[in-house]
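# Structure at a glance
One letter stands for each residue in the lines below.
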Amino acid sequence: MSQRLRHLTTLEHLPRDTIERLLDRAETMRDGCAHGTRKLDLLAGRTILNLFFEPSTRTRTSFELAARRLGADVVNFDIGFSSTSKGEALFDTLHTLEAMHLDAIVVRHKVSGTPDELVRHAMSGVSVVNAGDGNRAHPTQGLLDALTIRQHRPDFAPLTVVICGDVKHSRVARSDVHALGGLGVKEIRLCAPRALMPEPSEFPQCILTDDFDAAVESADVVIMLRLQKERMAATDLPDEAAYFERYGLDKRRLERAARGALVMHPGPLNRGIEIASEVADGPQSRILEQVGNGVFVRMAVLAEVLGR
Ligand code: ASP
């Protein structure tokens, strides 16, 4: 069996049995806390810091809920109220916070690689969990997406998954590819307009295309991504109506996918830009299940890195 993780900064190169262990553990958490109505005391007496340098709704709330449901104390460090806005260096901030005694840091930062930097600079004994860094990785999103798929399609081997939208700037796409590739999904298709397509050399295991109608054909899972304007050059920004026409998921396009295909989106949704409300709120949508699974996956990850 693979070793327990002390940090989680990416899913890249994680052994399959580690990914599976985390998914199994997330399900145990779900049952153990009776779908969120009961608290566990696995992390009683431990302190977890949420260090968010970028805005977040779902991820931050669900890390906080996860920590509280495990009985840990949680401190939220908000960039808007911190000395970082006065120019305090990241590592000074880290050491100041560490001096108050912490067991784990959950970090989100716009610069790719920040969580690994923190691992290098953190005091020994402090675990680091990545809650999204630049366009590089969002490992707990990759895990919760895999868990959501597994609950409906327990065998990954025959699955075709299409991930469509702003792949170039998406840390979710990267972590999904690492998770689903690691779990043995048959085919992963990445679909984006040319300006939002990553370098093919980054995804040698995937099929890259700019034709969504072709990409969605017979897919078992359709994961839609947001246009991440905050990371885009102005020249890359597509006309939104034209974008929806070619890359938006509506009912008509979804009919090309396999019967009962799962529709997913990490949120926040841009309705009418990458996804139509009739699909986002339709019977095939798993979007709210993803949100619910996020808490159990984050409980599993915190319990893993802080396990004694
Ligand atoms: N919430 C996800 C992220 O933080 C997806 C997105 O922002 O579009 O990457």
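Please read these numbers as outputs of a predicted model, since none were measured by experiment. (Residues numbered from 1 in each chain as written. Predicted model: local features only at pLDDT ≥ 70, side-chain atom pairs only at ≥ 80, totals over all residues. Heavy atoms only, no water.)

## Thoughts on the packing of aromatic side chains
Applying the stated criterion to the full structure yields 2 aromatic pairs. Judged by centre distance (5.5 Å) and plane angle (35 degrees), the ring pair of Tyr243 and Tyr247 falls under tilted. Of this pair, Tyr243 and Tyr247 both sit in helix H8 (residues 240-247), 4 residues apart, which is roughly one turn of the helix. (Phe/Tyr/Trp six-rings, centres within 6.5 Å; stacked < 30°, edge-to-face > 60°. Helix = DSSP H or I, 4+ residues; strand = E, 2+ residues; numbered from the N terminus.)

## Structural notes on the pairing of strand E6 (residues 187-191)
One face of the sheet, then the other: side chains in a regular strand alternate in exactly this way. In terms of burial, E6 is largely enclosed, as 4 of its 5 residues are buried. Taken together, the 5 bridges between strand E5 (residues 160-164) and E6 define a ladder with parallel strand orientation. Bridge pairing in E6 places Thr160 opposite Glu187. Running through helix H6 (residues 171-182), the crossover from E5 to the neighbouring parallel element E6 is right-handed. Strand direction decides the pairing type here: E6 and strand E7 (residues 207-209), joined by 3 bridges, are parallel. Counterpart to Cys191 in the pairing with E7 is Thr209. (Buried < 20%, exposed > 50% of the residue type's maximum accessible area, 1.4 Å probe, protein only. Pairing = 2+ DSSP bridges. Right-handed = clockwise from strand over helix to strand, strands pointing away.)

## Re the confidence of the model for the protein chain
Of the residues in the protein chain, 97% have a pLDDT of 70 or more, and the chain-wide mean is 93. Strand E8 (residues 221-224) holds the highest mean pLDDT among the elements of the protein chain, 99, whereas helix H3 (residues 90-98) holds the lowest, 81. (pLDDT = per-residue confidence, 0-100.)

## A few points about the site of the ligand
Residues in contact with the ligand, as listed here, are Arg108, His138, Arg171, Val172, Arg226, Pro266, Gly267 and Pro268. Arg171 is positioned such that a nitrogen or oxygen atom in its side chain is 2.8 Å from an oxygen atom of the ligand. Interatomic distance of 2.6 Å between a side-chain N/O atom of Arg226 and an oxygen atom of the ligand. Expressed as a share of its isolated accessible area of 260 Å², the protein-covered part of the ligand is 92%. The residue makeup of the shell around the ligand, split by class, is 3 nonpolar, 2 polar and 3 charged. (Near = heavy atom within 4 Å. Polar contact = N/O pair within 3.5 Å; in protein donor to acceptor, adjacent residues only side chain to side chain. Areas by Shrake-Rupley, 256 points an atom, 1.4 Å probe, with all protein chains shown as cover. Nonpolar A, V, L, I, M, F, W, Y, C, P; charged D, E, K, R; others polar.)

## A look at the nonpolar core
Membership of the largest hydrophobic core comes to 86 residues, with the highest contact counts inside it found for Phe212, Val222 and Leu302. If you tally residues by element for this core, the top one is helix H11 (residues 287-306), at 11 residues. (Core = buried A, V, L, I, M, F, W, Y, C linked by side-chain atoms within 4.5 Å.)

## Side note on the side chain of His178
Position of His178 relative to the elements: it lies in helix H6. The class for His178 is buried, based on a relative accessible area of 19%. Excluding its chain neighbours within four sequence positions, the residues that come into contact with His178 are Thr10, Leu11, Glu12 and Ile19. (Contact = heavy atoms within 4.5 Å.)

## Comments concerning helix H2 (residues 58-69)
The terminal C-alpha atoms of H2, which comprises 12 residues, lie 16 Å apart, in line with the 16 Å expected from a rise of 1.5 Å per residue. Residues of H2 that are buried: Thr59, Ser62, Phe63, Glu64, Ala66, Ala67 and Arg69. Of the surrounding elements, those touching the buried residues of H2 are strand E1 (47-52), strand E2 (73-78), strand E3 (104-109), strand E4 (127-133), helix H5 (139-152) and H11. Looking at the residues trailing H2, positive phi occurs at Gly71, about 85 degrees. (Expected span 1.5 Å × (residues − 1).)

## Some words on the environment of Leu159
By the secondary structure assignment, Leu159 is in the loop between H5 and E5. Taking relative accessible area as the criterion, Leu159 reaches 3% and is therefore assigned buried. Along the backbone, Leu159 and Gly32 are 127 residues apart, and their C-alpha atoms lie at a distance of 30 Å. In this structure Leu159 touches Ile149, Arg153, Val185, Lys186, Glu187 and Asp220, once residues within four positions along its chain are discounted.

## Details of the packing of H2 against H11
In contact at an axis separation of 8 Å, H2 and H11 are set at 55 degrees when each is read in the N-to-C sense. Taken together, the axis directions place H2 and H11 in an arrangement best described as oblique. Judged by the sense of rotation from one axis to the other, the crossing of H2 with H11 is right-handed. On the side of H2, the interface is formed by Arg58, Thr59, Ser62, Phe63, Leu65, Ala66, Ala67 and Arg69, while H11 contributes Val291, Gly294, Val295, Phe296, Arg298, Met299 and Leu302. Looking at side-chain class alone, the contact of H2 with H11 contains 9 nonpolar, 3 polar and 3 charged residues. (Axes fitted to C-alpha atoms, helices over the stretch in contact; angles between N-to-C directions. Parallel < 35°, antiparallel > 145°, perpendicular 65-115°, else oblique. Left-handed = near helix turned anticlockwise from the far one by under 90°.)

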